[in-house]
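Working through the structure, step by step
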Amino acid sequence: MTAERERLGWDGFGAATRALSRAIVADGFAPDVVVAIARGGLLPAGAIAYGLGVKSCGALNVEFYTGIGRVLPEPEVLQPALDVDYLAGKRVLLVDDVSDSGRTLALAVALLGEHGADVRSATIYTKPGSVALPDYSWRETPLWIDFPWSFRGTVLEEDAAASS
């Protein structure tokens, strides 16, 4: 028996990122830079940057989840490093796919804020009980989320399963 999951398809992803872009515009926030929390935030950040007409983008590499339900004791910033000095005095939109526990989002917002950025955050999903709520979120769910870019795992895992 498989646990119930939230499934986001590519069409839903497009609707979610357009809705988030519109919410950001309606709020009057005009970011100078869009920063993704890699890896899950890369595709949403790119789509939202296009939706907002922002050409300056970057990525902050953070690892917390190592698998479904498996996490490190604390989120860790990985290399390559984002040029945080460039962000001083800039309006930054920080984007991730989900604020689950909220610990990754909290770490990233604090890190960018410590370097002088005016940070707002956006996620497609927020989980109930998240310790950090994004400024903009498309939907809340308590379920594990299957994103269209990651639910199938790596091609090596997929090919191994197909050949067994």
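Residues numbered from 1 in each chain as written. Predicted model: local features only at pLDDT ≥ 70, side-chain atom pairs only at ≥ 80, totals over all residues. Heavy atoms only, no water.

Section: the environment of S163
For S163, the location among the structural elements is in helix α4 (residues 155-163). When its relative accessible area of 62% is taken as the criterion, S163 is described as exposed. A polar contact is formed between the side chain of S163 and the backbone oxygen of A160, at a distance of 3.2 Å. (Helix = DSSP H or I, 4+ residues; strand = E, 2+ residues; numbered from the N terminus. Buried < 20%, exposed > 50% of the residue type's maximum accessible area, 1.4 Å probe, protein only. Polar contact = N/O pair within 3.5 Å; in protein donor to acceptor, adjacent residues only side chain to side chain.)

Quick notes on the side chain of D96
Position of D96 among the secondary structure elements: in strand β5 (residues 91-99). One buried charged residue, D96, forms no salt bridge at all, with the nearest opposite charge on R39 at 9.7 Å. Only 3.3 Å separates the side chain of D96 from the backbone nitrogen of G41, close enough to count as a polar contact. Excluding residues within four positions of it along the chain, D96 makes contact with I37, G40, G41, T104, A122, T123 and I124. (Lys, Arg positive; Asp, Glu negative; His and termini not counted. Salt bridge = Lys/Arg side-chain N within 4 Å of Asp/Glu carboxyl O. Contact = heavy atoms within 4.5 Å.)

Describing the nonpolar core
If you look at the biggest cluster of nonpolar residues, it comprises 21 residues, and the most contacted ones within it are L93 and I124. Elements with a minimum of two residues in this core: α1 (10-27), β2 (33-38), α2 (42-52), β5 and β6 (118-126). In terms of residue count, α1 provides more of this core than any other element does, 4 residues in total. Among residues more than four places away in sequence, those in contact with I124 are L8, F13, A16, L20, P44, D96, D97, S137, W138, R139, F147 and W149. With 16 residues, the next largest nonpolar core counts L60, V62, L87 and V119 among its residues. (Core = buried A, V, L, I, M, F, W, Y, C linked by side-chain atoms within 4.5 Å.)

Quick look at the pattern of salt bridges
Per the stated rule, a full pass over the model turns up 7 salt bridges. Between R139 and E6 there is a salt bridge, and its shortest N-O distance comes to 3.4 Å. Residue R139 is found in strand β7 (residues 136-140), and its partner E6 is found in strand β1 (residues 5-7); the two are separated by 133 residues along the sequence. Here D146 and R7 are joined by a salt bridge, their closest N and O atoms 3.1 Å apart. Of this pair, D146 sits in strand β8 (residues 144-146) while R7 sits in strand β1; the two residues are 139 residues apart in sequence, bridging distant segments of the chain. Taking the relative accessible area as the measure of exposure, R7 reaches 59% and is therefore exposed. Look at the salt bridges and you will find they share partners, linking R5, R7 and D146 into a network.

Let's talk about the packing of aromatic side chains
Within this structure, the stated rule accounts for 6 aromatic pairs. With a centroid separation of 5.8 Å and 90° between ring planes, the pair formed by W10 and F13 is classed as edge-to-face. Of the two residues, W10 and F13 both sit in helix α1, 3 residues apart, roughly one turn of that helix. For F13, a relative accessible area of 9% translates into the label buried. When the ring of Y125 is compared with that of F147, the centres are 5.9 Å apart and the planes differ by 65°; the resulting orientation is edge-to-face. Here Y125, found in strand β6, pairs with F147, found in the loop between β8 and α4; they are 22 residues apart in sequence, far enough to count as distant. The same class applies to Y125 as to F147, namely buried. We note K90 situated over the ring of Y86; from NZ or CZ to the ring centre the distance is 4.5 Å. Sitting over the face of the ring of W138, R139 holds its NZ or CZ atom 4.0 Å from the ring centroid. (Phe/Tyr/Trp six-rings, centres within 6.5 Å; stacked < 30°, edge-to-face > 60°. Lys NZ or Arg CZ within 6 Å of the ring centre and 35° of its normal.)

From the geometry alone we can't say anything about function, so treat these as descriptive.
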